[in-house]
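Read off the chains here:
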Amino acid sequence: MTGATTDLPTTLADRYHLERELGTGGMATVYLAEDVKHRRKVAVKVLKPELAAIIGGERFLQEIEVTANLQHPNILPLYDSGAADQFLYYVMPYIEGESLREKLNREKQLSLEETIEITKSIAAALQYAHERDIIHRDIKPENILLQAGQALVADFGIALAVSHAGGSRMTETGLSLGTPHYMSPEQATGEREIDARSDIYSLAALVYEMLVGDPPHSGSTVQAIIAKILSEEPTPVTRTRSLVPTYVDAALRKALAKSPADRFADAAAFVTALTNPNFTLPMGIPAATRSISGLPRIPWMPLAGAGVVVAAVALWFGARTPTEVTAHPLVKFSVMLPDGQGLMSTEAGPAFALSPDGARVVYVGPRGGGVQLWERSFDRLDASPLRSTEESCCPTYSPDGSSIAFLTSSLELKVLDLSGSLDRTVADSGLIEHELYGGSLDWGDDGYLYVATTNGLARVSATGGELELVTQLDPSRRDRVHAWADVLPDGNGALVTVIPQAIGDQTEYMVGVADFDTGDVRVFAQGVYARYLNTGHILYVREDGVTLVTAFDADRLETIGPAQEVLAGVRVKVGGAADLAVSQAGTLLYGTGDFSSRELYWVDRNGTSFALQLGEPGVINDVALSRDGDWIAASLVRTDGPEDIWLKRVSGGAFSRFTFQGALNWHQTFSPDGNSLTFVSDRDGVSRLYSKPINGSEATLLITDEPRAVFEGIWSPDGDWLIYRTDSEASGSGDILAVQPAVAGSMREIVATPASEVTPAISADGRWLAYSSDESGRREIYVQPFPEATSLRWQVSSTGGTEPIWARNGSELFYRDAAGAIVTVTYAGNSTFTYGTPQVLLSASQYRSNAFHGAYDVSRDDQRFLMVKLETIGEGELIWVQNWFDELRRTTNR
């Protein structure tokens, strides 16, 4: 490196390590460099010092920002740009292949088939940019890079950015924008306003050179070349290459017309003419009989916008003969959404769904401290939040794409009309708790919504009605749930995940085909998630993220032949849900990366936190502190086993396992004296309440005469009353009751309404019961006297409320609001309950919440909270694959 660039390596050393110079052009010098942060090879292009001096850094960076948003499989993306001392630079991927210039220097002329293939790729890139009113201005062989047989357009819009930034002072540099051999007449004469037809001229000049071996016009000087461009017609390509069809020559002549008005209106029309044997000019040039396949249509691009990174672009697959041209390239992207619109890390349920035509995606995104659904159309740069979708999951599109259905955190099934933003509740009972199984939802072509229940897969009309079971759990197989339905097109069955009783061990999950005529599910493979493909295949994911495909007979509801591995590293979550969606148009979208873990943190009242060392790997769900503050009890799921409760002293030491029976042990709380734990377990096949001394003695079933499943249990401070909550899977079942174990016949209903009442919490003096109810349509916190079930009660929260916990000092009530913040309310209780104005104490959106059981606890001195933080284990990506069905057919020979 010489001259002014000598200091460049030092200037950029903290970001890019320059290795060697790759070449120099009219505007910039190109270096091969190592991206220090991302550990990848990049091409760093540094503007000529004299050009940089005239343009100025601020203006250049402002102009180049527009072109940075161009994201297309045939456009080399812009990774970075900046100003460093006197240098202006921009960074693009380093392509291992060669440029079209290098190929032409070596081969001189290209075959017609290869020329058409390269032209299609360039035209697709131009079409995409022109539709966004961006002109390249410098199409030439040096700016066309070839990789794996696919053409990528480089420096897209850089010439425009330089032109706008430099303004009239560009002439002072002695540099020209555009290369003379490929300039359109209007560009050669210096017209300030040029449009897409200028790029079409340059592309035609490129095609001409690929066929003939020389550009349409040549000369010994720049002035001579421009004079020919303005005054002479190019020699017909058929004079040099007699086997080139006359319709190709006709298309070139039209694209190289002197007047923009005589050229093709857009790049797609040009390529269509190049491949149309019937194309003629007005004077009637005869057409040949040979045909080349048409331009591959790429009508939209994935999540184009700030932060999109193309990691692997437009790779062509499959063998080609000289007379065979594949029309559908496999296109892959690694995608990140813009700030403020990002995909949220959901622990349970798929985070996104594709519309049937693959043109839109609905996904779980941010909303303050919580989440809501967003929709992104791929012809737009931004997504839009969807109203009435707060704290929702598991979205699915209607068959016509006009509506979406989703599940809410309060166990409601809703439908949102996307055109009018009208929403309706389809079902509000009978649905499984997301925390247990992650949620499950699909919209069949028959107009029914299919959801998982504890009795099997059920369906309900999208307009509302009663749930109707369509599958039956197999007790001999020990089915727990039939989840993640994907309804077959004819509506006679569905693919489902058979979740076993050992819910924590995903190696025991199975995928099968449900027959709606019989209600049976026939298992065909070990797996956690399956999707039907209209190519005649089933795609299914294993617990390790390996994804396989097998042929499928939809009439007989049977798989055919062996399975083949097609993907690896797909993200798998709670209950077997996978972040994977496939559209009917053949678009694949999936997430990669390891599942997130949950770590214990102490968080003080101002939000300062520090982690506890667990000493045991796994995912923590629930936490509880003993009243004296000496013990922590946590329910923990290990990757190879059930969910068990583990104990640990606050003062130090590792967790030790406390429960050893059943697949699910959680929702634990300490007895008032701290000598035992009360917890929910499914060890006898139904969720019931047990008590076990912390010294390790046998557990005891606490309530024997409750016919419903029990999901929570707490003790009054004096140990006299056991307060428990039944399940909330049917209307009126989410009730709170109390019993005095030492007194026969003492059971009484404390809160029993058609609404769902959960998370009971008793005050330090035992006089007041707080709980969360959805009776108003949103969960709020209520307080009433205890144990008397009187008509007195107070609604404490007004902006949403879950997870109430009483302070140990008897003067505060804590809860979590709809934004995810911890709120404190001071109170005084004598004959009546008197409370102050709720005050936000700290933001807790990064810590786990659970609307059905408190996911945090408070220390003995009320000065800090024990909370569960979501920690990402591995880096993940969102991968977009277009035209995936073509590749699938090739690899499976179907």
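Preceding this paragraph is the structure being described.
Since the model is a prediction, treat every value here as computed from it, not as a measurement. (Residues numbered from 1 in each chain as written. Predicted model: local features only at pLDDT ≥ 70, side-chain atom pairs only at ≥ 80, totals over all residues. Heavy atoms only, no water.)

A word on the environment of L104
Take L104: it is sitting in helix α4 (residues 100-107). The sequence separation of L104 and G213 amounts to 109 residues, and the corresponding C-alpha distance is 7.5 Å. Not counting the four nearest positions on each side in its chain, L104 is found in contact with L110, P141, E209 and M210. (Helix = DSSP H or I, 4+ residues; strand = E, 2+ residues; numbered from the N terminus. Contact = heavy atoms within 4.5 Å.)

So, the nonpolar core
Residues L100, I122, L252 and F270 are the most contacted members of the largest nonpolar core, which totals 52 residues. Going through the elements one at a time, α4, α5 (112-130), β7 (144-147), β8 (150-153), α8 (196-212), α9 (222-231), α11 (246-255) and α12 (267-274) are the ones with two or more residues in this core. No other element matches α8, which puts eleven residues into this core. Apart from residues lying up to four places away in sequence, L100 is in contact with L110, I118, P141, I144, L146, L206 and M210. The next biggest cluster of nonpolar side chains, apart from the first, holds 39 residues, and it includes A483, L580, Y590 and V680. (Core = buried A, V, L, I, M, F, W, Y, C linked by side-chain atoms within 4.5 Å. Buried < 20%, exposed > 50% of the residue type's maximum accessible area, 1.4 Å probe, protein only.)

Here we look at the pattern of salt bridges
In total, this model carries 37 salt bridges according to the counting rule given. The salt bridge involving K108 is made with D214; its shortest N-O contact spans 3.5 Å. Of the two residues, K108 sits in the loop between α4 and α5 while D214 sits in the loop between α8 and α9, which places them 106 residues apart along the sequence. The exposure class of K108 is partly exposed, given its relative accessible area of 45%. Residues E775 and R793 are paired through a salt bridge, measuring 2.6 Å at the closest nitrogen-oxygen approach. Of this pair, E775 sits in the loop between β47 (768-773) and β48 (780-785) while R793 sits in the loop between β48 and β49 (794-795), and the two are 18 residues apart along the sequence. Residue classification places E775 among the partly exposed residues on the basis of a relative accessible area of 39%. Assessed through its relative accessible area of 35%, R793 is described here as partly exposed. If you follow the salt bridges from partner to partner, you end up with E98, K103, R106, E107 and E114 in one network. (Salt bridge = Lys/Arg side-chain N within 4 Å of Asp/Glu carboxyl O.)

Some points on the sheet that holds strand β17 (residues 422-427)
Strand order across the open sheet formed by four strands is β14-β15-β16-β17, with antiparallel pairing between neighbours. Looking at the sheet topology across the chains shown, the edges are occupied by β14 (392-397) and β17. The average angle at which neighbouring strand axes cross in this sheet is 25°, direction not considered. Of the pairings in the sheet, the one linking strand β16 (residues 413-417) to β17 comprises five bridges and is antiparallel in character. Considered in β17, the bridge of K414 is made with T425. (Pairing = 2+ DSSP bridges. Axes fitted to C-alpha atoms, helices over the stretch in contact; angles between N-to-C directions.)

So, the pairing of strand β43 (residues 722-726)
Within β43, five of the five residues are buried, leaving the element largely enclosed by the surrounding structure. Burial of the side chains of β43 extends over both faces: L722, Y724 and T726 are buried on one face and I723 and R725 on the other. Alignment of strand β42 (residues 710-715) against β43, held across five bridges, turns out to be antiparallel. Note that in β43 the partner of W715 across the bridge is L722.

Section: unusual backbone geometry
The omega torsion of the bond from F786 to P787 falls at 5°, within 30 degrees of zero and hence cis. With respect to the helices and strands, the residue P787 is situated in the loop between β48 and β49. You will see that R137, though not glycine, has its phi angle at about 80°, which is positive. Structurally, the position occupied by R137 is in the loop between α5 and β7. Even without glycine at this site, N883 takes up a positive phi of about 60°. Within the secondary structure, N883 is located in the loop between β57 (878-882) and α14 (884-892).

Looking at the packing of α8 against α11
Two elements in contact, α8 and α11, have axes whose closest approach is 8 Å; the angle formed by their N-to-C orientations is 140°. Judged by the twist between their axes, the crossing of α8 over α11 is left-handed. Each of I200, Y201, A204, V207, Y208 and L211 in α8 lies in contact with α11, whose residues at this interface are V248, L252 and A255. Its residues placed into classes, the contact of α8 with α11 shows nine nonpolar, no polar and no charged. (Left-handed = near helix turned anticlockwise from the far one by under 90°. Nonpolar A, V, L, I, M, F, W, Y, C, P; charged D, E, K, R; others polar.)

Some words on the sheet that holds strand β1 (residues 16-24)
Taken in spatial order, the five strands of this open sheet run β1-β2-β3-β5-β4, and their pairing is antiparallel. Edge positions in the sheet fall to β1 and β4 (80-84), since each of these pairs with one other strand and no more. Sheet twist, expressed as the mean angle between neighbouring strand axes with direction ignored, is 30°. Relative to strand β5 (residues 87-93), strand β3 (residues 40-47) runs antiparallel, the two being bridged by five bridges. Counterpart to K45 in the pairing with β5 is Y90.

Concerning the packing of aromatic side chains
Inspection of the entire model under this criterion finds 22 aromatic pairs. Measuring from centroid to centroid gives 5.7 Å for F264 and F279, while their planes differ by 40°, and the two rings are tilted. Of this pair, F264 sits in the loop between α11 and α12 while F279 sits in the loop between α12 and β9 (331-335), and the two are 15 residues apart along the sequence. The burial state of F264 is the same as that of F279; both residues are buried. One Lys or Arg, R683, reaches over the ring of Y690 and ends 5.0 Å from the middle of that ring. The ring of F658 has K692 lying over it, and the distance from NZ or CZ to the ring centre is 4.7 Å. (Phe/Tyr/Trp six-rings, centres within 6.5 Å; stacked < 30°, edge-to-face > 60°. Lys NZ or Arg CZ within 6 Å of the ring centre and 35° of its normal.)

Concerning α4
Within α4, burial applies to L100, R101, K103 and L104. The buried side chains of α4 occupy one side of the element, clustering within an arc of 160° when seen end-on. Relative to its buried face, α4 has exposed residues pointing more than 90 degrees away, namely N105 and R106. In the core, the buried residues of α4 are packed alongside β6 (98-99), α5, β7 and α8. Trailing α4 by a residue or two, K108 shows a phi angle of about 70°, which is positive. (Arc of directions from axis to C-beta.)

Brief notes about the environment of R571
Following the sequence through the fold, R571 ends up in the loop between β29 (558-567) and β30 (580-582). In this structure R571 comes out as buried when scored by relative accessible area, which is 17%. In the structure, R571 is positioned 30 residues away from V541 in sequence and 9.4 Å away in space, judged by C-alpha atoms. At a separation of 2.9 Å, a polar atom in the side chain of R571 contacts the side chain of D579. Polar side-chain contacts of R571 include one of 2.6 Å to the backbone oxygen of T592. (Polar contact = N/O pair within 3.5 Å; in protein donor to acceptor, adjacent residues only side chain to side chain.)

Considerations on α12
Most of α12 sits out of view: six of its eight residues are buried. Residues of α12 that are buried include every one of A267, A268, F270, V271, A273 and L274, and no others. If you follow the buried residues of α12, they end up packed against α5, α8 and α11. Sitting at the head of α12, D266 places a side-chain oxygen 3.3 Å from the backbone nitrogen of A268.

Shape is all these values report; function is a separate question.
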